[in-house]
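So the chains spell out like this:
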Amino acid sequence: MALSRRKFLVLAGGSALGAVIFEACGVPSRELLVESPIEMPEDAVTGLDNWYATLCRQCSTSEGVIVRVIEGRAKKVEGNPDYPINLGKHSACCEAGLQALYHPDRLRGPMRRVGERGSGEFQEISWEEALDELVAELKKYRGSDADTVVLATDPLRGHLGMVAKRFADAYGARAMALEPVEQSVLRGAVKVVYGQEQLPDFDIENANHILSFGADFLSTWLSPVRFAVKYGQFRGKRPRGTFVQIESRFSATAANADEWVFIKPGYEGILALSIAQVIISERLWDAKAPPAMTGGAWAQSVQSYSPENVAKDVGIAPERIRELAREFARRKPSLALGGDLPAAHTNGSSNLSAIYALNYLVGSVGNKGGIIFNPEPPLPELPIGGGETYKQWHDMADRLRSGRPKPVNLLLVRGINPVHSLANLDFKDALNQVGKVVSFSSFMDDTTAMADLVLPEHVYLEDWGDDLPNPGPGYRLVGIQQPIVRPLYNTRSFGDILLTLAQELGMERQLPWGSFKEVLEDGAEKLFDMGKGSVKAPGFKAFWSGVLQRGGWWDVEAKSTAVAPVSPQLPEKVEKPSFAGSDGEYPFHLLPFQHPTLTDGRGAHLPWLQATPDPLTSTVWHTWIEINTVKAEEMGIKEGDVIAVESPHGTIEALAYPSRAVSPEVVCIPIGQGHTYFGRYAERRGSNVFAILAPEKNDKETGALAWAATKVRLTKTGRWARLSKFEGEGSPGIQTEERDVVQITRTES
Amino acid sequence: MAQQSEHKWGMVIDLDKCIGCQACVIACQAENNVPLNTEEIFNQKRAIEWIRVERYWEGEFPNVKARFLPVLCQHCENAPCEPVCPVYATYHNQEGLNVQVYNRCVGTRYCQNNCPYHVRFFNYWTPQWPESLRNQLNPDVTVRSRGIMEKCTFCIQRIRRTTRNAKREGRKLEDGLLQPACAQACPTSTLTFGDLNDPDSKVSQLAKNSRNYKLLEKLGTDPNVIYLKKVDPKAAEELHA
């Protein structure tokens with residue numbers, strides 16, 4: 001018998017002699033394992049659990065999730081394997097929903113302000129008192145002053161959106177929705193180029209070549225879990241597809257592209273027209289391309305965008321532009337998509353229109369591996385989201401401040417934190433002029449701290465809801481959110497609150513329901529009556545249970561019948577971008593980006609999301625500024641130096657992170673931190689980059705904030721702080737000089 | 001001869017799919033009651049991540065590339081952490097798992113010192129959660145106290161639950177049904193977990209791919225985690241062991 005190391009351990013631990021004899025007799029060695037009489041980890045007893053399907057509402061896309069519940073407590077969130085958007089997968093954000101539920105700083109009941117506005121001093125009151133006070137306010141302004149009441153929410157979709165709209169309409173209040181990083185530019189481009197109201201689905205998994213202009217689709221853009229699932233399939237396919245990312249920033253998505261091409265900020269649309277020019281002049285277009293594009297006036301107008309003409313502006317060599325165009329035209333099916341940075345310039349709309357127009361030239365509109373249109377929602381009255389543009393919010397901030405044309409007497413705030421998101425409009429100061437501010441937030445965030453009355457709503461794991469994801473999966477889908485635990489505190493459902501108010505105000509005709517759950521059941525009954533889709537049942541009761549069990553209703557047959565326009569509206573020219581701050585005074589382009597887990601700031605209160613290392617810098621719990629390593633060395637900037645970042649609109653501080661992936665012309669700062677109020681894990685942590693973005697730089701077409709159109713200068717403050725991050729000396733990590741840790745091959749197999 | 005166990009758990013990590021999104025990292029922390037990694041803990045370099053995603057840079061601007069590498073306990077067949085433990089707190093079980101027995105551990109940290117993959121973590125303090133956040137803790141998993149080493153278990157609580165349920169119901173354990181939290185979350189399906197003893201399992205099939213390699217293979221640790229090389233047709237150079 002050869003005495004292996006393991007056997008030696010066995011022998012050493014048990015009776016050596018006995019062990020030898022047993023071994024010789026052929027007794028299974030399992031019986032000889034050195035095991036203590038107490039429980040081994042592998043004997044762990046598992047409790048009885050239940051799993052409930054619901055929706056994750058941590059970001060603007062709702063993923064379908066299933067939640068493990070043991071003895072009434074939620075324990076774990078996982079992707080719902082059935083749900084069409086995420087197919088059983090989920091992100092760190094979905095997981096952290098549990099921390100929102102069990103957050104130690106959740107608001108536990110209604111409150112009235114007692115201290116100065118903004119002091120954060122509140123007194124607990126009962127729901128009766130709180131609602132009486134709110135009803136009294138609403139009654140006061142009913143009638144000719146109804147338009148001095150503003151209902152400001154997140155972009156509500158589905159039945160809650162319908163209830164809120166009906167409430168605002170019946171009362172006569174102004175309803176406004178805020179998207180902190182707005183998609184109105186994208187929605188506008190999709191409407192102009194494809195004639196679609198809804199965002200399309202992107203058939204990433206069936207594409208052979210992906211040309212992405214700035215869209216950080218694997219990290220934060222639109223529906224990142226869905227896109228990552230598709231990307232996994234795309235990468236698993238043979239022959240292997242190719243993926244090129246054209247972006248001014250080295251995003252987490254750029255890091256996964258086969259090739260990252262740096263482009264000067266704001267010139268994406270001009271590059272797209274140049275790519276079109278090459279395809280047209282070299283006759284590389286697909287047979288399905290509309291003749292209006294390949295031979296008409298449009299083809300003529302893009303002739304001036306030859307690679308030679310644009311190379312200097314876009315910062316890419318003419319031959320490279322030709323290669324990009326040829327690859328895109330030859331490796332069909334190919335898909336062009338754009339978002340984030342290209343949309344965030346003064347020429348954002350024309351940038352995106354030019355980018356999305358490229359799909360026509362390669363025959364990818366409405367075809368496999370390309371742009372797939374989404375059908376109309378199954379229930380017509382349900383809104384599919386979208387918010388007021390920055391320009392409209394700018395006007396509202398002015399109105400709050402000046403009281404003209406009419407003052408705002410009552411502002412109801414739900415699901416948004418404009419004091420943080422609209423910091424460059426000094427929304428906090430504007431709120432001081434409002435008669436009364438009412439917040440429905442579950443947390444004491446920056447805006448709620450300015451409120452006079454707080455009526456905290458349930459967090460989503462305690463509440464009913466539904467969603468019509470936009471973009472959808474290419475067919476009809478209604479996701480259903482059900483409470484998976486009993487409410488922990490004295491909070492209420494926002495839908496229920498609106499219905500209660502409606503009753504008090506005599507608006508039962510428009511809002512006849514007793515509870516928001518009834519609204520959902522009513523909607524579900526209409527779906528049942530259609531007799532189609534994923535849940536088949538003999539009666540409504542069984543149908544409703546089926547919908548709740550599966551996390552929603554969808555009909556894979558109900559696809560869009562829309563055909564791409566024969567002569568699409570296409571941009572004949574793309575203007576050059578303009579920036580706030582001259583090159584001389586402000587030498588760097590500031591490229592803000594959504595933090596991978598805190599996103600636009602709404603996840604900043606959750607410790608898991610604060611502690612998730614940024615994929616590229618591994619930074620946690622901080623606001624950092626990425627600056628080119630060579631440039632940093634020239635300026636004498638080292639990691640952790642506190643840098644004052646000054647734009648024409650203001651100054652913030654961030655910790656330096658010299659990075660070799662950043663162009664010397666730009667600096668990048670994540671959005672998300674800089675909260676004065678938002679619970680113990682977010683408060684007084686980092687800086688809010690929204691605060692220094694020039695408010696006057698807007699997309700020309702839509703009025704969206706051009707959030708990448710601000711230039712900055714950097715000054716060392718002379719202070720230093722340790723930049724918290726996962727990597728670096730002393731951190732776990734394979735610390736080896738060997739280069740074969742990540743192995744790379746050029747050939748697929 | 002030792003009797004072969006029915007299962008031998010292993011994982012394949014396809015580097016061509018990993019996007020570095022960290023979904024696995026948080027899924028693991030939620031499932032396994034990993035203490036909250038506060039800013040102070042990060043600054044002390046004592047953050048605990050049973051699975052982490054390392055990022056390696058290549059080249060300089062503008063020809064720069066980032067490579068992602070998820071690293072968790074490799075569940076080595078010849079685990080360097082095992083023989084150095086003076087109290088047999090870490091041992092190898094019949095199913096290929098490197099197991100940590102918390103109530104044996106006396107915190108010598110020899111195992112941490114001897115692990116070339118740096119996947120063993122020490123609890124310098126008793127983990128703290130605000131009372132309300134404790135509601136989330138997974139009752140299937142021990143909360144480790146001060147002075148104890150901890151590491152990836154391949155979600156042994158899930159392995160036990162799923163295999164027991166299958167046995168009780170008299171059915172064969174279906175491939176893919178059993179997933180540790182990281183693999184379950186992974187949006188791109190970079191991580192595939194399964195039974196390496198079952199030649200038809202997805203993990204066995206993937207492990208045969210010609211891109212396969214093991215991390216720091218020349219150390220001879222014989223891991224049960226198999227990596228598939230990143231494919232990059234335009235790589236400046238191919239890197240092989």
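Residues numbered from 1 in each chain as written. Chains lettered and ligands numbered in written order. Predicted model: local features only at pLDDT ≥ 70, side-chain atom pairs only at ≥ 80, totals over all residues. Heavy atoms only, no water.

Colleague: Before we go on, may I ask you to explain the domain arrangement of chain A in this structure?
Modeller: Many descriptions give the size of an interface as the accessible area lost when the pieces come together. All names here are of chain A. By the assigned domains, chain A splits into domain 1 (5-43), domain 2 (111-179 + 386-559), domain 3 (184-372) and domain 4 (588-693 + 710-720). The gap between the C-alpha centroids of domain 2 and domain 3 is 37 Å. The interface of domain 2 with domain 3 comprises nine residues on the first partner and nine residues on the second. Carbon and sulfur atoms make up 50% of the surface buried where domain 2 meets domain 3, a total of about 720 Å² over both sides. On the domain 2 side of the contact with domain 3, Asn-470, Pro-471 and Pro-473 bury the most area, a combined 59% of that side's loss. Where domain 2 touches domain 3, the interface holds one salt bridge. Of the charged contacts, one joins Glu-179 and Arg-187 as a salt bridge, the two residues approaching to 2.7 Å between their closest N and O atoms. If you look at where domain 2 meets domain 3, you find three residue pairs in polar contact (both at pLDDT 80 or more). (Domains from an automatic or database assignment. Contact = heavy atoms within 4.5 Å. Buried area = accessible area lost by both parts, 1.4 Å probe. Salt bridge = Lys/Arg side-chain N within 4 Å of Asp/Glu carboxyl O. Polar contact = N/O pair within 3.5 Å; in protein donor to acceptor, adjacent residues only side chain to side chain.)

Colleague: What is the right way to read the interface of chain A and chain B from this model?
Modeller: Contacts between the two partners involve 111 residues from chain A, matched on the other side by 104 residues from chain B. Roughly 9400 Å² is buried in total at the junction of chain A and chain B, and carbon and sulfur atoms are behind 54% of that figure. Taken together, chain A and chain B are joined by eight salt bridges. The salt bridge involving Glu-259 of chain A is made with Lys-234 of chain B; its shortest N-O contact spans 2.8 Å. Run the count over chain A and chain B and you get 34 residue pairs in polar contact (both at pLDDT 80 or more). Here the side of chain A that touches chain B takes seven residues from helix α8 (residues 224-236) of chain A, the largest share from any one element. (Helix = DSSP H or I, 4+ residues; strand = E, 2+ residues; numbered from the N terminus.)

Colleague: Quick question: what am I supposed to make of the sheet that holds strand β3 (residues 73-79) of chain A here?
Modeller: Strand pairing in a sheet relies on backbone hydrogen bonds, with the paired strands running either antiparallel or parallel. Residue and element names in this part refer to chain A. The sheet built from three strands is open, its strands ordered β1-β2-β3 with antiparallel pairing. In this open sheet, the two strands that pair with only one neighbour each are β1 (50-56) and β3. For this sheet, the mean angle separating the axes of adjacent strands, direction not counted, is 35 degrees. Across seven bridges, the pairing between β1 and strand β2 (residues 63-70) is antiparallel. Paired with Trp-51 across the bridge in β2 is Arg-68. (Pairing = 2+ DSSP bridges. Axes fitted to C-alpha atoms, helices over the stretch in contact; angles between N-to-C directions.)

Colleague: Any chance you could explain the state of the cysteines here in plain terms?
Modeller: Here a disulfide denotes one covalent bond, and it connects the sulfur atoms of two cysteines. Residues and elements named next belong to chain B. Tallied over the entire structure, the rule returns zero disulfides over all chains. Not engaged in a disulfide, the cysteine Cys-186 finds its nearest cysteine sulfur in Cys-21; these two sulfurs lie 6.4 Å apart. You can call Cys-186 buried: its relative accessible area is 8%. (Disulfide = S-S within 2.5 Å. Buried < 20%, exposed > 50% of the residue type's maximum accessible area, 1.4 Å probe, protein only.)

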